[in-house]
Amino acid sequence: MSFKLKLLAFIWLIISIPLSIGQSSGGDTAVLSFWLALVWHAPFSIIWSFYVESYISDMFPLLRSLRIFDVFGDILIISGSFMFWFVWIPKVRNFLYRMKEKYLSD
């Protein structure tokens, strides 16, 4: 990872963690933090918030009342989004660039 990408990843994490914590604060802050985190952690936050979380809550209603369920979801969302934006996307970009140089160069 280049220095610029490492710096961007660090800044991304610095913003990401307070957004996740703000979701559980209550009131207007929680609503605003939820929507900002939904966009910031896309696509994993969308998958977790609208599909996985509701599916698990329906299967195991007692889990929803536990705080650990929310903490696990936040950890899963942050780590999945981080891997998507800062590991998978750069690897795909480098792969496509190599394929372009190999097959489409003059």
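Presented here is a report on the structure given in the accompanying data block. Keep in mind it's a predicted model, so treat the numbers as computed, not measured.

### With respect to a nonpolar patch on the surface
Where nonpolar side chains cluster on the molecular surface, the patch consists of Tyr55, Met59, Phe60, Leu63, Leu66, Ile68, Val71 and Ile75 and spans about 760 Å² of accessible area. Sorting the residues of the nonpolar patch by element identifies helix 3 (44–59) and helix 5 (67–103) as the ones contributing at least two each. The greatest single-element share of the nonpolar patch, amounting to three residues, is contributed by helix 5. Tracing the backbone through its elements, the reader meets Leu66 in the loop between helix 4 (61–64) and helix 5.

### Some words on unusual backbone geometry
Cis geometry is adopted by the peptide bond preceding Pro43, which originates at Ala42 and carries an omega value of 5 degrees. In this fold, Pro43 is placed in the loop between helix 2 (27–40) and helix 3.

### Considerations on the packing of aromatic side chains
The relation between two aromatic rings is expressed through the spacing of the ring centres and the mutual angle of the planes. Going through the model one piece at a time under the given rule, you end up with nine aromatic pairs. Between Trp12 and Phe82, the aromatic rings sit 5.9 Å apart at their centres with planes inclined by 55 degrees, giving tilted as the arrangement. Remark: Phe82 occurs in helix 5 and Trp12 occurs in helix 1 (residues 3–22); sequence separation between them is 70 residues. For the pair formed by Trp12 and Phe82, the shared burial category is buried. With a centroid separation of 5.8 Å and an interplanar angle of 70 degrees, the aromatic rings of Trp12 and Phe86 are classed as edge-to-face.

### Describing helix 1
Helix length check: helix 1 (20 residues) gives 29 Å between terminal C-alpha atoms against 28 Å at 1.5 Å per residue, within 8%. Turning to helix 1, its buried residues are Ala9, Trp12, Ser16, Leu19, Ser20 and Gly22. Burial along helix 1 is one-sided: seen end-on, the buried residues are contained in an arc of 145 degrees. Across from the buried face of helix 1, at angles greater than 90 degrees, the exposed residues are Phe3, Phe10 and Ile21. Those residues of helix 1 hidden inside the fold are in contact with helix 2 and helix 5.

### Quick look at the side chain of His41
In this fold, His41 is placed in the loop between helix 2 and helix 3. Sequence-distant contacts of His41, defined by excluding residues within four places in its chain, comprise Trp12, Ser16, Ser20, Ile77, Ile78 and Ser81.

### Describing the packing of helix 3 against helix 5
Interaxial distance between helix 3 and helix 5 falls to 10 Å at its minimum, and their mutual angle equals 145 degrees. For the pair helix 3 and helix 5, the sense of crossing is right-handed. Taken together, the residues of helix 5 that come into contact with helix 3 (itself represented by Phe44, Ser45, Trp48, Glu53, Ile56 and Ser57) are Phe69, Asp70, Phe72, Gly73, Leu76, Ile77, Gly80, Ser81 and Phe84. For the contact of helix 3 with helix 5, a count of residues per class yields eight nonpolar, five polar and two charged.

### Details of the layout of surface pockets
Approximately 240 Å³ is the volume attributed to the largest pocket. Every residue lining the largest pocket is counted, 17 residues in all, and those nearest its centre are Gln23, Trp48, Glu53, Asp70 and Asp74. Only helix 2, helix 3 and helix 5 provide two or more residues apiece to the lining of the largest pocket. Ranked by residues supplied to the lining of the largest pocket, first place goes to helix 5 with five residues. Taken together, the residues that form the lining of the largest pocket break down as five nonpolar, seven polar and five charged.

Cut-offs applied
Residues numbered from 1 in each chain as written. Predicted model: local features only at pLDDT ≥ 70, side-chain atom pairs only at ≥ 80, totals over all residues. Heavy atoms only, no water. Patch = residues over 30% accessible without salt bridge, like charges linked within 9 Å, V, L, I, M, F, W, Y side chains within 5 Å. Areas by Shrake-Rupley, 256 points an atom, 1.4 Å probe, with all protein chains shown as cover. Salt bridge = Lys/Arg side-chain N within 4 Å of Asp/Glu carboxyl O. Helix = DSSP H or I, 4+ residues; strand = E, 2+ residues; numbered from the N terminus. Phe/Tyr/Trp six-rings, centres within 6.5 Å; stacked < 30°, edge-to-face > 60°. Buried < 20%, exposed > 50% of the residue type's maximum accessible area, 1.4 Å probe, protein only. Expected span 1.5 Å × (residues − 1). Arc of directions from axis to C-beta. Contact = heavy atoms within 4.5 Å. Axes fitted to C-alpha atoms, helices over the stretch in contact; angles between N-to-C directions. Left-handed = near helix turned anticlockwise from the far one by under 90°. Nonpolar A, V, L, I, M, F, W, Y, C, P; charged D, E, K, R; others polar. 1 Å grid on protein atoms, 1.4 Å probe; cavity = no way out; pocket = protein on both sides within 12 Å on 5 of 7 lines; lining within 4 Å. Points joined across faces, edges and corners; volume = space filled by probe spheres on them.

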